Amino acid sequence: MSHHLPAVAPAVTAEIVGALSPRLRKRLDAAITKIADRPVTRDGDTVRIAVDDETGLELHAPAGVVTTADAIRCGCLLAPGCLHRAAIASAAPVADPAASPSSDVDAGPAPSGEDAGPPEPPQTEETAATPEQRAAAGHLWAAGAAVLDTGIEGAGAVLQSELLRAAHTAKLGGLPRPAAAAVSLVTALRSARSADPAHRLADLTAAVRELLGTAHRLPDATGPELAALRGTARQTYVPDGSLRLYGLFTEPLITAGGYAGAITWTAAADGRLHTVSDVAPGGPGRATAAAGRTVRLGDTALTHRQLSHAGLALSGATVSPTGRLGAGAGCKAVQASGAAWTDEPIAALWAPPAAVQAARALHSEAPGADLLFLDVTLMGPARETGGDCLLAMCDDLTLRLTAAHDHPALAYRDNLRMLAALPGTRLRVVGRLVPDSRPTLQLLAAAHPADPARRVDLGLDRLQRADLPSAPPPPVAQVPTGRGADPAPLHLVRRRLEQAVAAGRPFLAVPGSLSADAGQLRRSALPTAADLLAELQRTATRRARDPFGRLLPADPTDFARAWLGAALYAEAAETSLCAAAWQPDP
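Just so we're clear, the structure is a prediction, and the values are computed from it rather than from any experiment.

Visitor: Lay out the packing of aromatic side chains with the relevant residues and their values.
Guide: Tallying each qualifying case throughout the model produces three aromatic pairs. The interplanar angle of 20° and the centroid separation of 6.3 Å between the aromatic rings of F249 and W265 together place this pair among those described as stacked. Of this pair, F249 sits in strand β7 (residues 238–254) while W265 sits in strand β8 (residues 259–268), and the two are 16 residues apart along the sequence. Taken as a pair, F249 and W265 share a single burial class, namely buried. Centre to centre, the rings of W341 and W350 are 5.1 Å apart; their planes meet at 35°, and the pair counts as tilted. What makes W341 buried here is its relative accessible area of 5%. Classification of W350 by relative accessible area gives buried; the value is 6%. An aromatic cluster of at least three residues, connected via ring pairs, comprises W341, W350 and F373.

Now the structure itself:
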């Protein structure tokens, strides 16, 4: 039902849930599950939900966003302090805080569609955090630590409302990036608790790491570091004059927060990447439908799918720091000829060696820096822990090609199976780098196996067996050893970090449960990783006693600090190993 509900501002949900009595708070999660099955109707800016035959809810959402608590009304006798209002606010998608008239935070999908991504560095620098900002960071830290203490099962609507309250406080204190991190964590938790197909435990773990990392560093940060941790309120579009763009591919998008749509990637003659997007609240159906909608640039009648194969000539163009093209009134756009992937100027995207492109993806913040443009030879499917993949060779590197998204409404996984049946086929592909100790790429687009002049948007186009060249059934490949093997057992650290997020601190509190992992890390010459795991277990089990010798509840702060240390170590180590994995053999 969340895809049919308007988004609700974080402060609104926090206010309504905070006003509940302790008795009603205990019943909130069950109420959310119950109300999720109720029918939803829309009449202009008003959305109605029938709680039962006699009681109804109304949400007034100008521009699709509920911005005040009074905009959620219930017809039951206990309103406004009823469970129904809190349940519907907690079930609805979390609004981009920038949607609020009084807000200046860009924490989610922007009105023009595309996900805003990490906030850009601010234009001004502060020498030190203010007392209000330190207090806000402390609130964010406590809420994030509580998530680690309870795990997904315990991170219900009440804890989520604390995260949203902390996000609102951070927004008021001028901390857009931490506020966005808290909202992203709530969205990821809701996705996990609702068994959303878009949920990935690795994404939830990354959201916890981002929140705790910014909240931990911010109080003592100064100068440029503080500026980066604070973030900026909104993306700013700057004039870029005239642009000649060539379509590359269209990528469908389904987010865990209830947004969906399409992003079309284009390249300028100098190789810079730009995007045009159409993303809004909706489900998987919107992701595929948006690709057929007209792009919002000037008076062009091109759809996203057409633009991915054609070109555009723009005058008066404006571009955000993330490469998103503005759709202002001053922008004029006319259709122009496109270019094949094998023709200049876009063929130059495939010229740099894979190692150079991987290094750029790991260290550059330029728009589309995480995209790799490679020529590969398909080898066949491989089975491994975490799901099947397609093996391919790129020069002397063995690559693991994976689906960019697992949702069955998108064509990624089916197309990956089709390509796996064509060993020996040479393809020009576009993919997104996956930071891993083995070269791994999420496939986004590829040349058609039967006609290199055609291209396939792998999330939208479905390859047909009749259109593919005949090939013998491929054997199931074994994941290669040597260059393709995991050179360090960092998966042991990743697994424990994800277990803590999924099941909470008590899961790691069993004495000795991490000893075997720590021993293997030491034997693999990773003593720091072993020490971090040992500290994780010590803090998971550590409990103080009161003056009478009775055990006190565990302190989630120490465990969160140990978890964050291990998470930051794993992130840095994986980045280093990833860069090394893409290097050619001496």
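What follows continues from the structure just given.
Visitor: Describe in detail the packing of helix α7 (residues 176–193) against helix α8 (residues 201–217), supporting the description with residues and values.
Guide: Packed helices, taken two at a time, are described by the angle their axes make and the gap between the axes. Two elements in contact, α7 and α8, have axes separated by 9 Å at closest approach and are oriented at 155°. It follows that α7 is roughly antiparallel to α8 by the angle criterion. The chirality of how α7 crosses α8 is left-handed. Within the contact between the two elements, α7 uses R177, P178, A181, A182, L185, A188, L189 and A192 and α8 uses L204, A207, V208, E210, L211 and T214. A class-by-class count of the residues in the contact of α7 with α8 yields eleven nonpolar, one polar and two charged.

Visitor: Describe in detail the environment of L148, supporting the description with residues and values.
Guide: With respect to the element layout, L148 can be found in helix α5 (residues 131–154). Residues L148 and A403 lie 255 residues apart in sequence; the distance between their C-alpha atoms is 29 Å. Beyond its immediate sequence surroundings of up to four residues, L148 is in contact with V208, L212, A500, V501, G504, R505, F559, A560 and W563.

Visitor: Break down the pattern of salt bridges for me, with residues and values.
Guide: In this structure the tally under the stated criterion is 30 salt bridges. Taking the shortest distance from any N to any O, the salt bridge between R305 and D461 comes out at 2.1 Å. Of this pair, R305 sits in helix α11 (residues 304–307) while D461 sits in the loop between β17 (451–457) and α14 (491–503); the two residues are 156 residues apart in sequence, bridging distant segments of the chain. The exposure class of R305 is partly exposed, given its relative accessible area of 26%. By sharing partners, the salt bridges in this structure join E535, R538, R542, D558 and R561 into a single network.

Visitor: Account for unusual backbone geometry, with residues named and values stated.
Guide: Cis geometry marks the peptide bond from A79 to P80, where omega comes out at 10°. Tracing the sequence through the fold places P80 in the loop between β6 (72–74) and α4 (83–91). With an omega of 10°, the peptide bond between E344 and P345 qualifies as cis. One can find P345 in the loop between β11 (332–336) and α12 (354–363). Phi angles above zero are rare outside glycine, and D395 is one such case at about 60°. Of note, the phi angle at A525 is positive, near 65°, even though the residue is not glycine.

Cut-off values and rules
Residues numbered from 1 in each chain as written. Predicted model: local features only at pLDDT ≥ 70, side-chain atom pairs only at ≥ 80, totals over all residues. Heavy atoms only, no water. Phe/Tyr/Trp six-rings, centres within 6.5 Å; stacked < 30°, edge-to-face > 60°. Helix = DSSP H or I, 4+ residues; strand = E, 2+ residues; numbered from the N terminus. Buried < 20%, exposed > 50% of the residue type's maximum accessible area, 1.4 Å probe, protein only. Axes fitted to C-alpha atoms, helices over the stretch in contact; angles between N-to-C directions. Parallel < 35°, antiparallel > 145°, perpendicular 65-115°, else oblique. Left-handed = near helix turned anticlockwise from the far one by under 90°. Contact = heavy atoms within 4.5 Å. Nonpolar A, V, L, I, M, F, W, Y, C, P; charged D, E, K, R; others polar. Salt bridge = Lys/Arg side-chain N within 4 Å of Asp/Glu carboxyl O.

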